Amino acid sequence: MNVLVINCGSSSLKYQLIDSDTEAVLAKGLCERIGIDGRLVYQKAGLDKEITEAPMPTHKEAIQMVLDALTNEKTGAIRSLKEVDAVGHRVVHGGEKFAASTIITDEVIKAVEECNDLAPLHNPANLIGIRVCQELMPGVPQVAVFDTAFHQTMPPKAFLYGLPIKFYHDYKVRRYGFHGTSHSFVSKRAVEFLGLDKDNSKVIVCHLGNGSSISAVVNGKCIDTTMGLTPLEGTVMGTRSGNIDPAIMEYVAKKENLDIPGVMNVLNKKSGLFGLSGGVSSDMRDLEAAAADGNMNAQNALDVLIYSVTKFVGGFVAAMNGVDAIVFTAGIGENDGKVRAGVVKNLGYLGITLDEEANKQRGEEIVISTPDSKVKVAVIPTNEELAICRDTVALVKAAN
Ligand code: AMP
């Protein structure tokens, strides 16, 4: 089957066309600046990227351009849209309604709409992508894969906040967790790759990228994660603060004369590694270069990140009463050996020993603990698009 995977943001859209039999990416790319001017990046497997600047007033024109590129006579990956067998959509928030991926129906769309309040920047954009694909590819089955679904197995003691319970009952305020597609993909792969017993395994997945989250997975089921009602909670991230004392909000609002959206803007866009480094960068490569040049703010940002990840990992070891494997993934987790080493060295009390040579590798599936280490540590590259494709195929096949 050929599956078109769509990840629709408010002004951008990423796509991949995947042959599910071979799991090869036939073509991929993105649309940027939708509603502003418009830019399509298209790359057929084995060929160079093509960049087209063209007006994209709405997501409809953007998706139409993607479909035209995919079926282009010269550089298209398929001859006609009849060769698209299904579409898999990333949907950010499924609330408590969706504990798994699902075939999209009118009821599903309504239920996703009801979660819009919980992800006002993401869910409406995801829904636009779904509606446009339904319009442009009538009859092609569409599947929604939720960022929150994998975390729905968390017990109340992990998902409830210490707030009036009315907020949970009336407003659905609870921990949901995000990056679920990645945590699910990587934790499953960890069990296979490391030869763990899937029914008797305790795995911690550190998804460390521009946005970061960590999850604790027991026997394949998530029991806790660091992101919360929104993706702002948890570890320090590229520009997001992660956990802070909530009283800081009022204190800073008064000092800086900010309203609530103003404070939220600081916490989401001007904090984290970027804020800590005094605006040097949110990117680890820039921070490491600046720290090597003696910039103390950049060095502190790196230290805070490693310390923050270590504390969550240690907390999850306690929550699971042990751990069999710790796995690193996403941009920082896959590429930054210094961060991995920093976290693992702080966990030496667990009997973990790092294989320094293996830890020098970047971006590949590899065990980075020594054979005698009591806990296995590995790098497993995430692949959210492939996970969406696999869920889509499983659901479409089951429905036929
Ligand atoms: P992601 O959100 O998963 O795409 O991760 C993006 C982040 O990964 C960037 O902001 C960098 O901080 C980090 N990153 C990417 N490549 C490298 C690298 N070679 N070394 C260190 N960090 C990297």
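Residues numbered from 1 in each chain as written. Predicted model: local features only at pLDDT ≥ 70, side-chain atom pairs only at ≥ 80, totals over all residues. Heavy atoms only, no water.

A word on the overall build of the protein. For the protein, the helix and strand inventory stands at 14 helices and 14 strands. Whereas a compact globule of 400 residues would reach a radius of gyration of roughly 21 Å, the protein reaches 21 Å, a difference of no more than 12%. On the principal axes, the C-alpha backbone points of the protein span a range of 60 × 55 × 50 Å. The burial tally for the protein puts 50% of its 400 residues in the buried class. By sequence separation, contacts in the protein at least 24 residues apart represent 61% of the contacts at least 6 residues apart. Taken as a whole, the protein presents about 18,700 Å² of accessible surface, with 53% of it coming from carbon and sulfur. Of the side chains in the protein, 40 bear a positive and 48 a negative charge, and the two mean positions are spaced by 2 Å. (Helix = DSSP H or I, 4+ residues; strand = E, 2+ residues; numbered from the N terminus. Rg over C-alpha atoms; globule rule 2.2 N^0.38 Å. Buried < 20%, exposed > 50% of the residue type's maximum accessible area, 1.4 Å probe, protein only. Contact = heavy atoms within 4.5 Å. Areas by Shrake-Rupley, 256 points an atom, 1.4 Å probe, with all protein chains shown as cover. Lys, Arg positive; Asp, Glu negative; His and termini not counted. Charge placed at Lys NZ, Arg CZ, Asp CG, Glu CD.)

One open sheet holds the 8 strands; their spatial order is 5-4-3-2-1-6-8-7, and the pairing between them is mixed. Every interior strand has two partners, whereas the edge strands, strand 5 (50–53) and strand 7 (102–103), have only one. Its contacts with the sheet place helix 3 (residues 123–136) against strand 1 (2–8), strand 6 (86–91) and strand 8 (142–146), and it is angled at close to 170° to strand 6. (Pairing = 2+ DSSP bridges. Axes fitted to C-alpha atoms, helices over the stretch in contact; angles between N-to-C directions.)

The next point concerns the environment of Gly180. Tracing the sequence through the fold places Gly180 in helix 6 (residues 180–193). As a C-alpha pair, Gly180 and His151 span 29 residues in sequence and 6.4 Å in three-dimensional space. Non-local contacts of Gly180, meaning those with residues more than four positions away in its chain, are made with Asp147, Phe150 and His151.

To continue, consider the pattern of salt bridges. A complete count under the given rule lists 21 salt bridges for this structure. Between Lys60 and Glu135 there is a salt bridge; the shortest N-O distance is 2.5 Å. With Lys60 in helix 1 (residues 59–70) and Glu135 in helix 3, this residue pair connects regions lying 75 residues apart in the sequence. Relative accessible area serves as the criterion here: at 35%, Lys60 is assigned to the partly exposed category. Via salt bridges that share partners, Glu32, Arg39 and Glu53 belong to a single interconnected network. (Salt bridge = Lys/Arg side-chain N within 4 Å of Asp/Glu carboxyl O.)

In this section: the site of the ligand. Around the ligand, the neighbouring residues are Gly209, Asn210, Asp283, Met284, Arg285, Ala330, Gly331, Ile332, Asn335, Asp336 and Arg362. One nitrogen or oxygen atom from the main chain of Asn210 is found 2.9 Å from an oxygen atom belonging to the ligand. Protein coverage of the free-state accessible area of the ligand, which is 510 Å², stands at 73%. If you list the elements that add at least two residues to the shell around the ligand, you get helix 10 (284–292) and helix 12 (330–335). Looking at the shell around the ligand, the element that brings in the most residues is helix 12, giving 4 residues. Its residues placed into classes, the shell around the ligand shows 3 nonpolar, 4 polar and 4 charged. (Near = heavy atom within 4 Å. Polar contact = N/O pair within 3.5 Å; in protein donor to acceptor, adjacent residues only side chain to side chain. Nonpolar A, V, L, I, M, F, W, Y, C, P; charged D, E, K, R; others polar.)

The next subject is the pairing of strand 9 (residues 202–208). Here strand 9 lies mainly inside the structure; 6 of its 7 residues are buried. Where strand 9 hands over to strand 10 (residues 212–218), the hairpin turn is made up of 3 residues, counted between the paired strands. Pairing of strand 9 with strand 12 (residues 325–329) involves 5 bridges; the strand directions are parallel. Looking across to strand 12, one finds that Cys206 is bridged to Phe328.

A complete count under the given rule lists 0 disulfides for this structure. No disulfide involves Cys133; its sulfur sits 7.7 Å from that of Cys8, the nearest cysteine. (Disulfide = S-S within 2.5 Å.)

Further remarks concern the pairing of strand 5. As defined by bridge partners, strand 4 (residues 39–44) adjoins strand 5 across 4 bridges and the pair is classed as antiparallel. The residue of strand 5 that forms the bridge with Val41 is Ile51. Taking the residues between adjacent antiparallel strands as the criterion, strand 4 and strand 5 are bridged by 5 residues, where Gly46 takes a positive phi near 85°.

The next point concerns the packing of aromatic side chains. According to the stated counting rule, one finds 3 aromatic pairs in the structure shown. Aromatic side chains Phe98 and Phe146 sit 4.3 Å apart centroid to centroid with 10° between the ring planes, which places their arrangement in the stacked category. In this pair, Phe98 sits in the loop between strand 6 and strand 7 while Phe146 sits in strand 8, placing the two residues 48 residues apart along the sequence. Exposure remark for Phe146: the relative accessible area of 2% places this residue in the buried category. Measuring from ring centre to ring centre gives 6.0 Å for Phe167 and Tyr171, while their planes differ by 45°; the resulting arrangement is tilted. Within this pair, Phe167 and its partner Tyr171 are both found in helix 5 (residues 165–171), separated by 4 residues, close to a single helical turn. A relative accessible area of 30% places Phe167 in the partly exposed class. (Phe/Tyr/Trp six-rings, centres within 6.5 Å; stacked < 30°, edge-to-face > 60°.)

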